[in-house]
Amino acid sequence: MGALNNNPNNFWPVVLFFLAIFALAFFYHWLTRKKISAPVILLRLPENPILSPVKEHWWESEAVFNPAAFVDDGKVHLFYRALGRDGISRIGYAWSTDGLHFERLSYPVFSAENVQEVKSHFPYTSPVRLSYDTVNNPSGGGWGGLEDPRAIKIDGRIYLTFNAFNGWESMRVGLTSISEEDFKNKNWNWRKFVYLTDERNKNWMFFPDKINDKFALLHSIYSENGERVQIKYLDSLHIHGPLQNLKSADPHRLKDQKIAWHYRIRSAGTPPLRTKYGWLVLYHAMDPNEPSRYKVGALLLDLASPTKVIARSDHPILEPDMWYENDWKPGIVYASGAVVLGEDLMVYYGGGDKYVAGAKVNLELLIKSLMRQ
């Protein structure tokens, strides 16, 4: 027996066996830590599309899309962009007790046709031109009105930023608000809206919490190296006119740059959501391999200094692959609203500039995947 134990031929098999066990354990730990088996992405709701055009409603008969989202009294509330045959974008309202199944009002809750301003771009000489036209009006088929709202609830009011569109050279960011009491009673007493910019801009949004006792406006996620976003700090949201000294952030005129998986940033999509790891922002960008398709990415901003990007997804978390994301305007997923329900991040987005759809992901899983990349 002693001779067997001293046999050098028995030594190396034992060593190799334990080395193999160690290697397997290390690989399993690495695989689990990195979670490379599958990228973390948004999973579409089986109920999609959750809102569709209603032919019987004149103001939303052609398209409903690009919703703002927030939670109040345990319900998910959506303010969404709607288009009727007249080609004017208005804001509709829908709500849900579970974040999946939505009811909605049969009338718009906020509109501003801006007729005098629009006249300078589209004189009333051709009734055909002043109508819903998906060929000549690529902005969702509309020629004017209020587009792509974003919503936050802060200090007893609900604030809505939106894109005021009156032709491609008259595209500015607007702001309005309503008290929580009026909102809950469906008294649509919106404060008269103001323009936040007198230059061509779009897709600005507020943080839902104060930062260092200031209101924070995210007006661009573009920077030369992708490591910063641009924020304007304000003492009050009772704003009377365009904000000054803001660098232009027109997404249609930004330079191309290779960052993460994309080469062209379009804009921030959802207002920042506070997590214990940082501010989570979803945004829209384009992959160089598919330059005609909007895709959704995610980034994380530092809690104390939110101009600093501390993490970013290295792959799209939502791509336009379903029929309702390609119905009349192919290749569009436009994530403009997000809320947290339980452990899940619920994202509400426009599909194909025609439908409202939803997707979700475990919030902790998504953020940890960003921080490991």
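Residues numbered from 1 in each chain as written. Predicted model: local features only at pLDDT ≥ 70, side-chain atom pairs only at ≥ 80, totals over all residues. Heavy atoms only, no water.

Let us look at the sheet that holds strand β20 (residues 355–362). As summarised here, the arrangement of the four strands in space is β1-β20-β19-β18, forming an open sheet in which the pairing is antiparallel. Only two strands of the sheet have a single neighbouring strand rather than two, namely β1 (43–44) and β18 (333–341). For β18 and strand β19 (residues 344–351), the ladder comprises eight bridges, and the chain directions are antiparallel. Following the sheet pairing, V339 is matched in β19 by M346. Taken strand by strand, helix α5 (residues 363–372) contacts β18, β19 and β20, and its axis lies near 75° from that of β20. (Pairing = 2+ DSSP bridges. Helix = DSSP H or I, 4+ residues; strand = E, 2+ residues; numbered from the N terminus. Contact = heavy atoms within 4.5 Å. Axes fitted to C-alpha atoms, helices over the stretch in contact; angles between N-to-C directions.)

We now examine the environment of W168. By the secondary structure assignment, W168 is in the loop between β7 (157–165) and β8 (171–179). Since its relative accessible area comes to 31%, W168 is described here as partly exposed. Residues W168 and R200, spaced 32 residues apart in sequence, show a C-alpha to C-alpha distance of 8.3 Å. (Buried < 20%, exposed > 50% of the residue type's maximum accessible area, 1.4 Å probe, protein only.)

What follows deals with the pattern of salt bridges. Opposite charge on two side chains makes pairing possible when the charged atoms of those side chains draw close. One pass over the full model with this rule turns up 24 salt bridges. Notably, a salt bridge pairs D86 with R90, separated by 2.9 Å at the nearest N-O pair. Classification of D86 by relative accessible area gives partly exposed; the value is 24%. Owing to a relative accessible area of 5%, R90 belongs among the buried residues under this scheme. (Salt bridge = Lys/Arg side-chain N within 4 Å of Asp/Glu carboxyl O.)

Next up on the list: the sheet that holds strand β11 (residues 215–220). The strands that make up a sheet pair up through hydrogen bonds in the backbone, lying either parallel or antiparallel. In spatial order, the strands read β10-β11-β12; together these three strands make up an open sheet with antiparallel pairing. The sheet terminates laterally at β10 (205–206) and β12 (230–234), the two strands that pair on one side only. For β10 and β11, the ladder comprises two bridges, and the chain directions are antiparallel. Bridge pairing in β11 places F206 opposite L217.

Attention now goes to the packing of aromatic side chains. The tally for this structure, following the rule as stated, stands at 20 aromatic pairs. Their ring planes at 25° and their centres at 6.4 Å tell us that W59 and Y80 sit as a pair that is stacked. Taken as a pair, W59 in the loop between β1 and β2 (63–72) and Y80 in strand β3 (residues 75–83) lie far apart in primary sequence, 21 residues in all. The buried category is assigned to Y80, whose relative accessible area is 0%. Between the aromatic rings of F102 and Y348, the centroid separation amounts to 5.7 Å while the plane-to-plane angle is 85°, which identifies the pairing as edge-to-face. Of this pair, F102 sits in the loop between β4 (88–96) and β5 (103–104) while Y348 is found in strand β19, placing the two residues 246 residues apart along the sequence. Taken individually, F102 and Y348 each receive the classification buried, so the pair is uniform in this respect. In this structure an aromatic cluster arises from ring pairing among F70, F79, Y93, W95, F110, F162, F183, W188, W190, F193 and Y195. Positioned above the aromatic ring of Y195, the side-chain terminus of R172 is 3.6 Å from the ring centre. Against the face of W95 rests K186, its NZ or CZ located 5.0 Å from the ring centre. (Phe/Tyr/Trp six-rings, centres within 6.5 Å; stacked < 30°, edge-to-face > 60°. Lys NZ or Arg CZ within 6 Å of the ring centre and 35° of its normal.)

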